[in-house]
Amino acid sequence: MNKQQIKICCIGAGYVGGPTMAVIADKCKNLIIKVVDINQKRIDDWNNEDLSCLPVFEPGLAEIVGRTRNKNLFFTSKIEESIMESDIVFMSVNTPIKQKGIGAGKASDLRWVESSARQIASASVGHTIVVEKSTLPVKTAYTIKNILNSYSNNESGKTPKKTFSVLSNPEFLAEGTAINDLLFPDRVLIGGDNTKAINLLRDIYLNWVPAEKIISTNLWSSELSKLTANAFLAQRISSINSISAVCEVTGADIHEVSKAVGTDTRIGAKFLHPGPGFGGSCFKKDILNLVYLCNYYGLDQVANFWEEVVKINDWQKDRIYKIIVEKLFGNLANKKLSILGFAFKANTNDTRESPAISICADLINEGAKLVIHDPKVDEESIIGDIKNYLRNKNLPFYDCGLEFEKDIYNSVEESDAIIILTEWEDYSNLNWQKISRSMRKPGWVFDTRNIIQIEKVKSSGLNIWCLGVGI
Ligand code: UDX
Ligand code: UDX
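All of these numbers come straight from a predicted model, not from anything done at the bench. (Residues numbered from 1 in each chain as written. Chains lettered and ligands numbered in written order. Predicted model: local features only at pLDDT ≥ 70, side-chain atom pairs only at ≥ 80, totals over all residues. Heavy atoms only, no water.)

K.L.:
Describe in detail the domain arrangement of the protein, supporting the description with residues and values.
P.N.:
Partitioning the protein into structural domains gives domain 1 (3-217) and domain 2 (283-466). Domain 1 and domain 2 are separated by 34 Å when their C-alpha centres are compared. Facing the 19 residues of domain 1 at the interface are 17 residues of domain 2. At the surface where domain 1 touches domain 2, the tally comes to two salt bridges. Between E307 and K106 there is a salt bridge; the shortest N-O distance is 3.5 Å. Taken together, the links from domain 1 to domain 2 amount to five residue pairs in polar contact (both at pLDDT 80 or more). (Domains from an automatic or database assignment. Contact = heavy atoms within 4.5 Å. Salt bridge = Lys/Arg side-chain N within 4 Å of Asp/Glu carboxyl O. Polar contact = N/O pair within 3.5 Å; in protein donor to acceptor, adjacent residues only side chain to side chain.)

So, in structure tokens, the structure goes:
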């Protein structure tokens, strides 16, 4: 690369693109990084002077953006110009599950990846390294290369003016801990077949990641490793959730079982927390992608094996909702239920695939009135998520079934039950005596995250159901 200063463009200013580029900018002051997005509002939000209003909430992110923004990190909607002047272009656009056509419900919708590849192909100048940051189906790099090369050869007979190297550099960051995961990654994976391009990207990471943590593979191994890592993580959650149901009927305690199992160093303790089911933008999408890939290659047994992980996850949400209905005498009409937490996990404002969506929607469909509290999620997202879920099931949505409350104690007044769906710290140390006094009797507490002290709830006179604990 014959340029003095390496310039980077990242297409997609989302949960992945924004934090990833912010950390790279902070660690590599010599790079110029432009994060672009087709969504002007997103860009405006990233440029908001008030750092508490950034479009993505991640602990530590605002400080980093404050240090780097408009120094060597820029958020802009000038997509073509930013691509044109860049040596490296990261693709960090969304890759949701396809809604219709071949592979609907399983395959990734690659329309934005393809349009980004065309944008890069058309606007780039000289040699450009294109990096897949989004999680993609195996062999997507082949499609990207195909599109890019069709532009590079457009002047027949002459030396192509545009050349490209495609690398796969999947993200392994989890929301809520994204900054820490970026600063101290377990590994950085770079897949590709061009050693010069791999080394250039590797040199960027070497600014803060130890060399032994940077793994180089071929393109397909890198793409498949990302899907496999997420599939394995999700599989552990479905495994422990399946056992949580066995605990409830046998009198075993899922925490004791989880601890006993996880202390085996061959198994390990992480990702063995029982809960209402995994959410987030990646796990379900990536497993279904793997399932689609296996079916495509005729590996139906493998596909079925992984599909069960998603089925158990849906079953866990469904059985929790049914337990709530059963404990409240099989009738939710005119009952007020307080929902504590709507984000798919704590420390994020993201609700994508949150287990709270189906649980809340199913409770509303039973006639319950819900009062929802979440410290970070806004009302608009919650209403949109619930509406979508009900619409997809051809069920009606009534506004009157939903209220929002920013104060936890106000939210539980006169309610018949409290249902904890996200493990926000605020919920772990509540004044249960005070809460009990303000609820209708017999009052119930359903803890799907196991964050409350059971004895304190019991002594307040409330009934309690805890996931995976036969009480
Ligand atoms: C996305 C993918 O969903 C995930 O699979 C992958 O691992 C990383 O990228 P995320 O960053 O969480 O994850 O998505 P999102 O927050 O939706 O951000 C994507 C951004 O790309 C959006 O702001 C969208 O406006 C933008 N975009 C999309 C473009 O700028 N151009 C496009 O053509 C399409
Ligand atoms: C995940 C992967 O961890 C990350 O490496 C990848 O790049 C993107 O997908 P994320 O979805 O942000 O990250 O969150 P994660 O912490 O993995 O949690 C996913 C879901 O699993 C959450 O709903 C969480 O509550 C649930 N979970 C996690 C459990 O129910 N039990 C656990 O033990 C761990």
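Here the narrative resumes.
K.L.:
An account of the site of ligand 2 is needed here, citing residue identities and associated values.
P.N.:
Taken together, 19 residues surround ligand 2, and among them E175, H273, F344, K345 and R449 come closest. In this structure, an oxygen atom belonging to ligand 2 sits 3.1 Å away from a main-chain N or O atom of F172. Note that an oxygen atom of ligand 2 is positioned 2.8 Å from one of the side-chain N or O atoms of R449. The protein chains hide 91% of the 660 Å² of surface that ligand 2 would expose on its own. Considering every element that reaches the shell around ligand 2, the biggest residue donor is helix α9 (residues 219-250), with four residues. For the shell around ligand 2, a count of residues per class yields 11 nonpolar, three polar and five charged. (Near = heavy atom within 4 Å. Areas by Shrake-Rupley, 256 points an atom, 1.4 Å probe, with all protein chains shown as cover. Helix = DSSP H or I, 4+ residues; strand = E, 2+ residues; numbered from the N terminus. Nonpolar A, V, L, I, M, F, W, Y, C, P; charged D, E, K, R; others polar.)

K.L.:
Pulling in residues and values, what's your account of the packing of α9 against helix α10 (residues 254-262)?
P.N.:
It is at 9 Å that the axes of α9 and α10 come closest, and there the two elements cross at 135°. Comparing their axes, α10 and α9 come out oblique. In terms of crossing hand, the pair formed by α9 and α10 is right-handed. The residues of α10 that touch α9, namely those facing I240, I243, S244 and C247, are I254, V257 and S258. Here the contact of α9 with α10 is composed, by residue class, of five nonpolar, two polar and no charged. (Axes fitted to C-alpha atoms, helices over the stretch in contact; angles between N-to-C directions. Parallel < 35°, antiparallel > 145°, perpendicular 65-115°, else oblique. Left-handed = near helix turned anticlockwise from the far one by under 90°.)

K.L.:
An account of helix α6 (residues 140-152) is needed here, citing residue identities and associated values.
P.N.:
Taking 1.5 Å as the rise per residue, α6 with 13 residues should run 18 Å; its terminal C-alpha atoms sit 18 Å apart, in good agreement. Those residues of α6 that fall on the buried side of the exposure criterion are T140, A141, I144, I147, L148 and S152. In an axial view of α6, the angular spread of the buried residues amounts to 140°, which keeps them on one side of the axis. The secondary structure elements touched by the buried residues of α6 are β4 (88-91), α5 (111-123), β5 (127-132), β6 (163-168) and α9. (Expected span 1.5 Å × (residues − 1). Buried < 20%, exposed > 50% of the residue type's maximum accessible area, 1.4 Å probe, protein only. Arc of directions from axis to C-beta.)

K.L.:
Tell me about empty space enclosed by the protein, and please be specific about residues and values.
P.N.:
One simple way to see leftover space: roll a probe sized like a water molecule over the atoms. Following the criterion strictly, the structure yields one cavity of 30 Å³ or more and no others. Its boundaries defined by the atoms lining it, the largest cavity holds a volume of some 50 Å³. Every residue lining the largest cavity is listed: E132, S134, T135, L136, S168, P170, S222, E223 and K226. Sort the elements by how many residues they give to the lining of the largest cavity and α9 lands first, with three residues. Counted by class, the lining of the largest cavity contains two nonpolar, four polar and three charged residues. (1 Å grid on protein atoms, 1.4 Å probe; cavity = no way out; pocket = protein on both sides within 12 Å on 5 of 7 lines; lining within 4 Å. Points joined across faces, edges and corners; volume = space filled by probe spheres on them.)

K.L.:
Break down the side chain of T128 for me, with residues and values.
P.N.:
The topology assignment puts T128 in strand β5. Contacts of T128, omitting those with residues within four sequence positions, involve S86, D87, V89, I120, T163, F164 and S165.

K.L.:
Just give me the short version of the pattern of salt bridges, but keep the residues and values in it.
P.N.:
Evaluation of the coordinates by the stated rule reveals 21 salt bridges. Here K29 ties to D26 by a salt bridge, and the two come within 3.4 Å at their closest N and O atoms. For D26, a relative accessible area of 12% gives the class buried. Connected through shared salt-bridge partners, D26, K29 and R67 make up one network.

K.L.:
Tell me about the packing of α6 against α9, and name the residues and values.
P.N.:
Between two packed helices, both the angle of their axes relative to each other and the distance between the axes serve to describe the pair. Two elements in contact, α6 and α9, have axes separated by 9 Å at closest approach and are oriented at 130°. Relative to α9, the element α6 lies oblique. On α9, the residues that touch T140, A141, Y142 and K145 of α6 are L219, W220 and E223. Class assignment of the residues belonging to the contact of α6 with α9 gives a composition of four nonpolar, one polar and two charged.

K.L.:
Can you explain the pairing of β6? Please cite residues and give values.
P.N.:
Counting buried residues along β6, five of its six residues qualify, which places the element largely inside the surrounding structure. The pairing of β5 with β6 spans six bridges and is parallel. Counted as the bridge partner of H127 is T163 from β6. (Pairing = 2+ DSSP bridges.)

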